[in-house]
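What the coordinates show
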Amino acid sequence: MRQRLSRMLASPINQRRLQNFRANKRGYWSFWIFLVLFILSLGAELIANDNPILVSYQGKLYYPMFKTYPETEFGGFLPTETSFRDPFIIEEIESDGWIIWPLIRYHYDTINYDLQVPAPAPPSRENLLGTDDQGRDVLARLIYGFRISVLFGLVLTIASSIVGVIVGALQGFYGGRIDLYGQRFIEVWSGLPVLYLLIILSSFVQPNFWWLLGIMLLFSWMALVDVVRAEFLRARNFEYVRAARALGASNGLIMFRHMLPNAMVATLTFMPFILTGAITTLTSLDFLGFGLPLGSPSLGELIAQAKANLHAPWLGISVFITLSLMLTLLVFIGEAVRDAFDPRKV
Amino acid sequence: MRSIHEKSETQLASPILRVRNLSVDFVQPTGRVSAVKDVSFDLYANRTLAVVGESGSGKSVTALSILRLLPYPKAVHPSGAIEFDGQDLLRLDEPQLRQIRGSRIGMIFQEPMTSLNPLHHIEKQIAETLLLHRSLTPQQARKRVIELLTLVGIPEPEKRLKSFPHELSGGQKQRVMIAMALANEPDILIADEPTTALDVTVQKQVLELLKSLQQKMGMAILLITHDLGIVRHYADDVVVMHQGKVVEQASCDALFASPQQEYTRTLINSDPSGSPMPIPEQAPTVLSTEKLRVWFPLKKNLFGRPTAWVKAVQDVSFQLRQGETLGIVGESGSGKTTIGLALLKLLQSQGEIRFLDKRVDHLNQKEFRPLRRKLQIVFQDPYGSLSPRMSVAQIIGEGLEIHGIGSEAEREQRVIEALKEVELDPDTRHRYPHEFSGGQRQRIAIARALVLKPEVIVLDEPTSALDRSVQCQVVELLRNLQQKHQLSYIFISHDLAVVKALSHRVLVMYQGQIVESGTAEQIFSAPREPYTRALIDAAFFYGQKEKVQV
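Heads up: these notes are all about the structure in this document.

Rules behind the numbers
- Residues numbered from 1 in each chain as written.
- Chains lettered and ligands numbered in written order.
- Predicted model: local features only at pLDDT ≥ 70, side-chain atom pairs only at ≥ 80, totals over all residues.
- Helix = DSSP H or I, 4+ residues; strand = E, 2+ residues; numbered from the N terminus.
- Rg over C-alpha atoms; globule rule 2.2 N^0.38 Å.
- Buried ≥ 20, exposed ≤ 12 C-beta atoms within 10 Å, placed from the backbone.
- Contact = placed C-beta atoms within 7 Å.
- Core = buried A, V, L, I, M, F, W, Y, C linked by C-beta atoms within 7 Å.
- Pairing = 2+ DSSP bridges.
- Axes fitted to C-alpha atoms, helices over the stretch in contact; angles between N-to-C directions.
- Nonpolar A, V, L, I, M, F, W, Y, C, P; charged D, E, K, R; others polar.

**Topic: the overall build of chain B**
A tally of regular secondary structure across chain B gives 20 helices and 20 strands. Taking 24 Å as the expected radius of gyration for a compact globule of 550 residues, we find that chain B reaches 26 Å, a close match to that expectation. Principal axes of the C-alpha set define a box for chain B whose edges measure 75 × 60 × 50 Å. Here chain B holds 550 residues, and the buried ones make up 44% of them. Considering only intrachain contacts with a sequence separation of at least 6, the fraction spanning at least 24 residues in chain B is 70%.

Right under this line is the structure:
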């Protein structure tokens, strides 16, 4: 199976696609930049955290990022969880050991109580992009917010693509009544006001990441149905599909091996754009306050803060740059993918 | 190479168009591909020059470069001149060229279905060239359109003015195309495979029409074709092209009487010949139908009950014995392909189908699946019938995998055997279909059917998309395979020459019904029905002159 997969990936069509993808310099570089940013943000805990990565104290090694230690371990008085923001503790450790800090000494929910000015504080050496109106570091929140946005977008895109491709494939392959009823259902379903439903549903349950994902998935799977259905309707009459049927291939095999590759072209071409759409939707829900639970690091919530604190432009500017960078990179990648699958070039 | 200039006795006047050292390159990301190299020929008024060659020989590219209709700037001319009326067409600018296109030089394309705009009625389409090049009033234009339609033999032209292309038959569309090309009485008519998409009987009518129009109007015709039968009957001079180069150039009679080049000789003698091996008297019947019927619903009433039908196949009954070939012939739309698909249960049908002494027509897809390995099909289009994403080994081995035959190693072995049987190099099995030529692809398609060791193979126009010389090889291959494995074929084709070379018995279909059936000998030498006679006349009309002896 693995051999077949690698042979399929090495097929001349796919190699030419890869070449076309590389030929689009802008998209190719965007892809790498985005990948690096995404992988970095996956390790956000190592970059922005209020716990040190590694502590050496009295000849012993501690890993506060992964394990909680009581204060008494470091010469404190109370058997509570160590707060490494406490200057006393830091002093105590450094007198007999060392600390390796992450790049940014703030978790997304760490509140900086030592601000010299009332929050939101402007950028300083301590908070490179300033703090928000609750004294939390903006840079740390951006890193975590980027991660959650991209992850949300990716999971939603993949899930809705899977559902969309399956529904589209069934409709296109069987046609007739299944197709007719499926299309009518989609027409009705897509007529529902998504935003109101989200608002109503989020008043029933406290929406967390998975709730939001589920609710949005209810409506976002329709994006791909039409293209996939059209591809399957077209492929149904291809001679090599007929030939496969004449060989005795079952419906499932025909759909999976002979028709799906055609539909995948359309699907993969659409995917980056669905991803941008999903990210934008999540951001706007957060902005309206119907999104992720309170305190989550989300870009939309930061925009809402920027709107409420117009006198603190660092909020708006940094979140604007983050969002536009992310979406621009994704659109460029999407263009390159579209070029790669362009049948006129293949 | 002999030049036309040597035989000056036929030269009455100076040429109307001279092509000199024309070359065409296509610029591609991977580099330049040369399509036409150093082609020269002359065109004279009132004479027909045929450019013949197999697909990919550069004949159409040559024709298109005369009116500069190639996809510039992707196409470039590294050398050459096309002299017409004292001007070099390759050097004219676009407005000057437009004065010539459609006015002094007209063109007819291969595919009448797509060459006409489906949204405009034919009066508008024909009048367009008139209004562009001559300042006529709409009334005058209409008069001229009616004149032209009469000229190209469209019955009741006044009533046809407002017809849309889809209301016309293929032959009528091609007539409208000719009317458009002739509207401004051009000096030159370029006909790029004008009859390839048409049925044989219509083909003959269209070519006769062109001939009579040439006599009336005295224009020069540049006829691009791959069909030497047509050339022999309608051309005065011939240019033979191969791989972008002119191989031979001579007057038509001289070329057919004594071809100088080896390539020309193979081209001329590439008609499929021979006859099938006789089968033993007591050969068992493997496949038979009784009143097979395929109806497609056309209209449905309120409750979804069909109220009108297209009767694609009506009450067709036949028997196929082991080792026998049953030819099914007919023009397009006669339902012959539908029969093939219905036999394989790729379409719903009514009526009895017996396969290997078992009634199969009432079986559902799942019950029928085990029988499929004994009943295989080869399709017409060798480009469409192979999945572009699978290697040749995967394509051929798929059937084995589906029917769970053998282990992986045994399957590989059988794929190799099948490739050897269709005379392909087994080492090519890891390549992909696009790396093969049309004939090779058709061999792969045959290997895919063969690897399952079937009893019956339905061959649905397996040779129609191939060049004549490749057709012969495929016919030969099919005949050898039949003899070796005692295969039974159902051979569906509109090409009577190929059917004659391969079939024991023949069914002639017309509008979904069998018009005539009998042994091949009987059908071809003494057809009973007038329709069969017309079909055979048209098909063998071109081959009447005696074969060249090599």
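The rest of the description comes next.
**Some points on the nonpolar core**
A general feature of soluble globular proteins is that nonpolar side chains tend to end up buried together. Among the nonpolar cores identified, the biggest contains 138 residues, and Ile328(B), Ile377(B), Ala447(B), Ile457(B), Ile490(B) and Phe491(B) are the most heavily contacted of them. Per element, the largest residue contribution to this core is 14 residues, and it comes from helix H6 (residues 138–174) of chain A. When near neighbours in sequence (up to four residues on either side) are disregarded, Ala447(B) contacts Ile396(B), Ala418(B), Leu419(B), Glu421(B) and Val422(B). Listed in part, the 77 residues of the second largest apolar core include Val36(B), Val39(B), Leu210(B) and Met219(B).

**A short note on the sheet that holds strand S13 (residues 306–321) of chain B**
Residue and element names in this part refer to chain B. A sheet is described by the order of its strands in space; here 3 strands give the open sequence S13-S12-S15, paired in antiparallel fashion. Strands with a single pairing partner mark the edges of an open sheet, and in this sheet they are S13 and strand S15 (350–355). Pairwise comparison of adjacent strand axes, ignoring direction, gives a mean angle of 20 degrees for this sheet. Across 5 bridges, strand S12 (residues 285–300) lies against S15 in antiparallel orientation. Across the sheet, residue Arg293 finds its bridge partner in S15, namely Gln350. The sheet strands contacting helix H12 (residues 336–343) are S12, S13 and S15, and the helix crosses S13 at an angle near 75 degrees.

**A closer look at the interface of chain B and chain A**
It is common to give the size of an interface as the accessible area that goes away when the parts come together. Contacts between the two partners involve 21 residues from chain B, matched on the other side by 17 residues from chain A. Of all the secondary structure elements, the ones that give two or more residues to the side of chain B that touches chain A are helix H13 (365–372), strand S16 (375–378) and helix H14 (392–402) of chain B. With 3 residues, H14(B) is the largest single contributor of residues to the side of chain B that touches chain A. Per-class residue counts for the side of chain B that touches chain A are 8 nonpolar, 7 polar and 6 charged.

**Details of unusual backbone geometry**
Residue and element names in this part refer to chain B. Of note, the bond from Tyr72 into Pro73 is cis; its omega dihedral lies within 30 degrees of zero at 0 degrees. A positive phi angle, close to 45 degrees, is found at Asp315, a residue other than glycine. Mapped onto the elements of the fold, Asp315 is located in strand S13. The backbone phi angle of Lys453 is positive, close to 50 degrees, even though this residue is not glycine. Structurally, Lys453 is set in the loop between helix H16 (438–450) and strand S17 (456–460). Lys453 gets classed as partly exposed once you count the C-beta atoms within 10 Å, which come to 14.

**Regarding the pairing of strand S20 (residues 513–519) of chain B**
Residues and elements named next belong to chain B. Sheet topology note: the strand S19 (residues 505–510)/S20 ladder contains 6 bridges and is antiparallel. By the bridge assignment, Tyr510 is partnered in S20 with Gln513. Adjacent in sequence and paired antiparallel, S19 and S20 are bridged by 2 residues, among which Gln511 carries a positive phi angle near 50 degrees.

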